[in-house]
Amino acid sequence: MRRSICALLALSLAACATQDEPSEMDAVNDFIAVSELESVDAVRSMHPYHYSVLTDRHIILKTRRESYLVQFRRRCRELNNTLSTTITPDVRHERNVLRARFDTIRGCVIDQIFAIDDAHAQELKQLGEAPGE
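Residues numbered from 1 in each chain as written. Predicted model: local features only at pLDDT ≥ 70, side-chain atom pairs only at ≥ 80, totals over all residues. Heavy atoms only, no water.

With respect to the overall build of the protein
Operational definition: Here a strand is any run of E in DSSP of at least two residues, a helix any run of H or I of at least four, and the numbering for each starts at the N terminus. In this scheme, a residue with accessible area under 20% of its type's maximum is buried, one over 50% is exposed, and one in between is partly exposed, where area comes from a 1.4 Å probe on protein chains only. Two residues form a contact once any of their heavy atoms are found within 4.5 Å. All accessible-area figures derive from a Shrake-Rupley calculation using a 1.4 Å probe, and residue coverage is judged against the displayed protein chains alone.
Within the protein, the regular secondary structure consists of 3 helices and 8 strands. Reading the secondary structure of the protein in the N-to-C direction produces α-α-β-β-β-β-β-β-β-β-α. For the protein, the residues scored as buried account for 27% of the 133 residues in total. Taking contacts inside the protein between residues at least 6 apart in sequence as the whole, the part at least 24 apart equals 58%. Entry remark: accessible area of the protein is about 9500 Å², with carbon and sulfur atoms responsible for 53%.

Some details on the environment of Thr88
Note on placement: Thr88 falls in the loop between strand 5 (67–72) and strand 6 (97–99). Relative accessible area serves as the criterion here: at 40%, Thr88 is assigned to the partly exposed category. Along the chain, Thr88 and Ile105 lie 17 residues apart, while their C-alpha atoms are 9.0 Å from each other. For Thr88, the contacting residues outside a window of four places in its chain are Arg106 and Gly107.

Topic: the state of the cysteines
Definition in use: Note that a disulfide, as used here, is simply two cysteine sulfur atoms within 2.5 Å.
Under the criterion given, the structure shown has 1 disulfide. Here Cys76 connects covalently by a disulfide to Cys108, the sulfurs 1.9 Å from one another. Across the S-S bond linking Cys76 and Cys108, the dihedral sits near 85 degrees, which makes this disulfide right-handed. Here the residue Cys76 occupies a position in the loop between strand 5 and strand 6, and Cys108 occupies one in strand 8 (residues 108–116), the gap between them amounting to 32 residues.

Side note on unusual backbone geometry
With glycine set apart, most residues show a phi of negative sign, and most peptide bonds adopt trans. Here Glu36, not a glycine, exhibits a phi torsion of approximately 50 degrees, which is positive. The topology assignment puts Glu36 in the loop between helix 2 (24–35) and strand 1 (39–40). Given a relative accessible area of 69%, Glu36 falls into the exposed group. In the Ramachandran plot, Arg106 falls in the positive-phi region, its phi being about 55 degrees despite a non-glycine side chain. Note that Arg106 resides in the loop between strand 7 (104–105) and strand 8. What makes Arg106 partly exposed here is its relative accessible area of 29%.

Comments concerning the pairing of strand 3 (residues 50–53)
Here is the rule we go by: When DSSP finds at least two bridges between two strands, those strands are taken to pair.
With 4 bridges connecting them, strand 3 and strand 4 (residues 58–62) associate as antiparallel partners. For His50, the partnering residue across the bridge sits in strand 4 and is Lys62. Hairpin geometry of strand 3 and strand 4 is characterised by an intervening segment of 4 residues between the two adjacent antiparallel strands.

A closer look at the nonpolar core
Keep this limit in mind: Side-chain atoms within 4.5 Å link the members of a nonpolar core, which is a set of buried Ala, Val, Leu, Ile, Met, Phe, Trp, Tyr and Cys residues.
Of all hydrophobic cores here, the largest spans 15 residues; its most connected members are Leu61, Val70, Phe72, Ile105, Ile110 and Ile113. For this core, the secondary structure elements donating two or more residues are strand 4, strand 5 and strand 8. When neighbours within four sequence positions are excluded, Ile105 is seen to be in contact with Tyr49, Tyr51, Ile59, Leu61, Phe72, Cys76, Asp90, Arg92, Leu98 and Ile110. Core analysis: the next-biggest nonpolar cluster, separate from the first, contains 11 residues, Val28, Leu54, Ile116 and Leu124 among them.

Points about the confidence of the model for the protein
Low-confidence regions, as indicated by low pLDDT, have predicted coordinates that should not be scrutinised in detail. Definition in use: Along the chain, pLDDT gives the predictor's confidence residue by residue, from 0 to 100.
Chain-level pLDDT for the protein is 79 on average; 71% of the residues reach the 70-or-more range. No element of the protein has a lower mean pLDDT than helix 1 (residues 2–17), which averages 58, and none a higher one than strand 5, which averages 94.

Examining the layout of surface pockets
Let me state the cut-off plainly: Residues are said to line a cavity or pocket when one of their atoms sits within 4 Å of a point; the points come from a 1 Å grid over protein atoms alone, cavities being sets where a 1.4 Å probe fits but cannot get out and pockets being open sets with protein on both sides within 12 Å along at least five of seven lines. Grid points are joined across faces, edges and corners, and a volume is the space filled by probe spheres set on the points.
In this structure, the largest pocket spans a volume of roughly 190 Å³. If you go around the largest pocket, the residues you meet are Arg44, Ser45, Met46, His47, Thr63, Arg64, Arg65, Glu66, Tyr68 and Asn96.

Here it is in structure tokens:
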């Protein structure tokens, strides 16, 4: 009986020791929840847009006037693969509109788009630079 209790105690301590640290993706999801960001269905842009990569599932999309946080359905490794020789075409259903759930960026399907301001964008860029990370 005593051995089984010791084994159970050791097993529970080992399980606690192997828990993962919060990831950048969790930090971005927490930021979305705390900031109560409003989801938009589409982004209109007559001019080309630029983006900066936050995580492998999140980017900040910058149009001429607005900024948006874009979340992909899956990990999008194609964002950081600039030296690759394979090119994945983007899917667009309308020429000057980028839609959540239908269109892609670098071949990755957009899950959600959130409207953000410049202060939100700066805070999101600094999430990975916090002390202790």
